[in-house]
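Secondary and tertiary structure notes
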Amino acid sequence: MVPTVTTLVLCVDRANDVGRKTGLETPVVGWEAVRSLVIDVGLADPEDSSVNSLLETLSVARELRDGDDDAVVAVVSGVSDSMVGADRTVARQLDELIETHDPDSAVVVIDSAEDERLVPIVESRLRVDSVDRVVVRQARDIESTYYLMKQFLADEELRQTVLVPIGLALLAFPALTLVTGIAEAMATITAVIGVFLLYKGIGVDDALRGLATQVRDSLYSGQVSVVTYVVAAGLTLVGVFAGALGVSDLSTTGDAFLPAMTFAHASVPWLAMAALAASTGRLLDEVIQNDRVRPSYLHLPFVVVGLGLVVRGFAGYFLERAGQVPPIDVPSIEAGAVSVEGFTLSLGNRLGVFVVSGVLVTLIGVRVATSLSGSAIEDAEAELPEGDDGSPSNPDS
């Protein structure tokens, strides 16, 4: 014989519309009691959606009984002046129902988004098999729009993101119309709204907020990189300006390759110094904070210098071949008994010197980083206590 399953068909009324209009106290339990309650609520307010919710509760209970389930029909409501008090009243009434009828599960019937907030309270005490939301068919679109607007207006972030720009646009449109014209006003407002949407969509505000927080933390912690980053930004602007001047003096305008090489040749030294300043500041912060430096921080300045040499070498090669820059003349060198006569580097030699110099600087950086990181590992091992056999013991073992 299959055991009977007891299901609590629960109609929740957070705003206490049922009790306020009929004067009855909840919980109301039983088929006949709920059916009488439908008539009382309907006579008090025929337009109230609670009538449909109560009828749906009876309909669900009848379907469960036809399926050989033991269905218990009940109505609970929040009798309080505050939302917290109403929720606690519903929770207390639900505890009484569970203690009296000992149901195995529940089917919750609601008629509004406000009542739906009581579902977690029911779920915390009883397994919920289904949530049946009743919406009057004639008012389905109106009610859905109403609750969506209500939730939208309750969200402060959405109000500031959507309503404030729309309000500013509506205020600015008449003023712009008086100053310029309708077409210019529409174009200006559309452009501003487009910039704002891109600003929010790409997440520029979050990036700026994170940057401001990082700068503030760096200032308070006394990091050297704050100053070096400012120096790097200034050198970057100088590099871009120098590259722009080099392109403006260029007479050839047919091809984009030569202007690009001219811009790179003029700006790369400044950009390399900017990257070197930023990486040096980060390296100093690491030394001050941790007393030991990771190899990546040691290697980065050498990589920056090597990359700058290689890029400038290739740019100079193409520009010299196009007759835009003169060849490199090496002056005479005299050091005691040793003297070297001056000479001019050819195109291939010029490129080779820069490329080889960049590779050598990078290899020197790798060697320095490897040596210092190896010394740091040996110092760390020397600080470990020795075991019985004289070998460093592992503190984690």
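Let me begin by describing the structure that accompanies this report. Note that the structure is a prediction, hence the values are computed from the model and not measured.

1. Describing the sheet that holds strand S5 (residues 128-133)
The mixed open sheet is built from five strands, whose spatial order is S2-S3-S1-S4-S5. Of all the strands in the sheet, just strand S2 (28-29) and S5 have a single pairing partner and so form its edges. Bridge count for strand S1 (residues 6-13) against strand S4 (residues 105-110) is five bridges, and the pairing is parallel. The residue bridging Cys-11 from the neighbouring strand is Val-109, located in S4. The strands that helix H4 (residues 83-101) touches are S1, S2 and strand S3 (70-77); relative to S3, the one it contacts most, it runs at about 155°.

2. Quick word on the side chain of Ser-279
Along the polypeptide, Ser-279 turns up in helix H12 (residues 257-290). The class for Ser-279 is buried, based on a relative accessible area of 5%. Here Ser-279 is in contact with Leu-300 and Pro-301, once residues within four sequence places are set aside.

3. Looking at the packing of aromatic side chains
In total, this model carries two aromatic pairs according to the counting rule given. Where Phe-257 meets Phe-318, the ring centres are 5.2 Å apart and the plane angle is 80°; that geometry is what we call edge-to-face. Highlighted residues: Phe-257 in helix H12 and Phe-318 in helix H13 (residues 295-321), separated in sequence by 61 residues. Owing to a relative accessible area of 31%, Phe-318 belongs among the partly exposed residues under this scheme. Chaining the aromatic ring pairs together yields one cluster made of Phe-257, Tyr-317 and Phe-318.

4. A closer look at the packing of helix H2 (residues 31-44) against helix H3 (residues 50-66)
Remark: H2 packs on H3, axes separated minimally by 9 Å, with the N-to-C direction vectors making an angle of 160°. By the angle between their axes, H2 is roughly antiparallel relative to H3. H2 and H3 meet at a crossing whose hand is left-handed. Contacts from Trp-31, Val-34, Arg-35, Leu-37, Val-38, Val-41 and Gly-42 of H2 reach H3 at Ser-50, Val-51, Leu-54, Leu-55, Leu-58, Ala-61, Arg-62 and Arg-65.

5. Description of the environment of Arg-20
Assignment of secondary structure puts Arg-20 in helix H1 (residues 17-22). The exposure class of Arg-20 is exposed, given its relative accessible area of 54%. Taking the C-alpha atoms as reference points, Arg-20 and Ser-77, separated by 57 residues in sequence, lie 10.0 Å from one another. Separated by 2.5 Å, the side chains of Arg-20 and Asp-17 make a polar contact.

6. Some details on the pairing of S3
Here is the key point about a regular strand: its side chains alternate between the two faces of the sheet. Most of S3 sits out of view: seven of its eight residues are buried. Bridging between S1 and S3 involves eight bridges; their strand directions are parallel. From the neighbouring strand, Val-9 faces S3, where its bridge partner is Val-73. With two bridges connecting them, S2 and S3 associate as antiparallel partners. Note that in S3 the partner of Val-28 across the bridge is Val-75.

7. Things to note about a nonpolar patch on the surface
A surface patch of nonpolar side chains, amounting to about 460 Å² of accessible area, comprises Leu-198, Tyr-199, Ile-202, Val-204 and Leu-208. Elements represented by at least two residues in the nonpolar patch include exactly helix H9 (182-202) and helix H10 (204-221). With three residues, the top contributor of residues to the nonpolar patch is H9. Positionally, Ile-202 belongs in helix H9.

8. Details of the pairing of S1
For S1, the tally of buried residues reaches eight of eight residues, placing the bulk of the element in the interior. In S1, alternate side chains face the same way, and those of Thr-6, Leu-8, Leu-10 and Val-12 on one face and Thr-7, Val-9, Cys-11 and Asp-13 on the other are all buried.

The rules we used
- Residues numbered from 1 in each chain as written.
- Predicted model: local features only at pLDDT ≥ 70, side-chain atom pairs only at ≥ 80, totals over all residues.
- Heavy atoms only, no water.
- Pairing = 2+ DSSP bridges.
- Helix = DSSP H or I, 4+ residues; strand = E, 2+ residues; numbered from the N terminus.
- Contact = heavy atoms within 4.5 Å.
- Axes fitted to C-alpha atoms, helices over the stretch in contact; angles between N-to-C directions.
- Buried < 20%, exposed > 50% of the residue type's maximum accessible area, 1.4 Å probe, protein only.
- Phe/Tyr/Trp six-rings, centres within 6.5 Å; stacked < 30°, edge-to-face > 60°.
- Parallel < 35°, antiparallel > 145°, perpendicular 65-115°, else oblique.
- Left-handed = near helix turned anticlockwise from the far one by under 90°.
- Polar contact = N/O pair within 3.5 Å; in protein donor to acceptor, adjacent residues only side chain to side chain.
- Patch = residues over 30% accessible without salt bridge, like charges linked within 9 Å, V, L, I, M, F, W, Y side chains within 5 Å.
- Areas by Shrake-Rupley, 256 points an atom, 1.4 Å probe, with all protein chains shown as cover.
- Salt bridge = Lys/Arg side-chain N within 4 Å of Asp/Glu carboxyl O.

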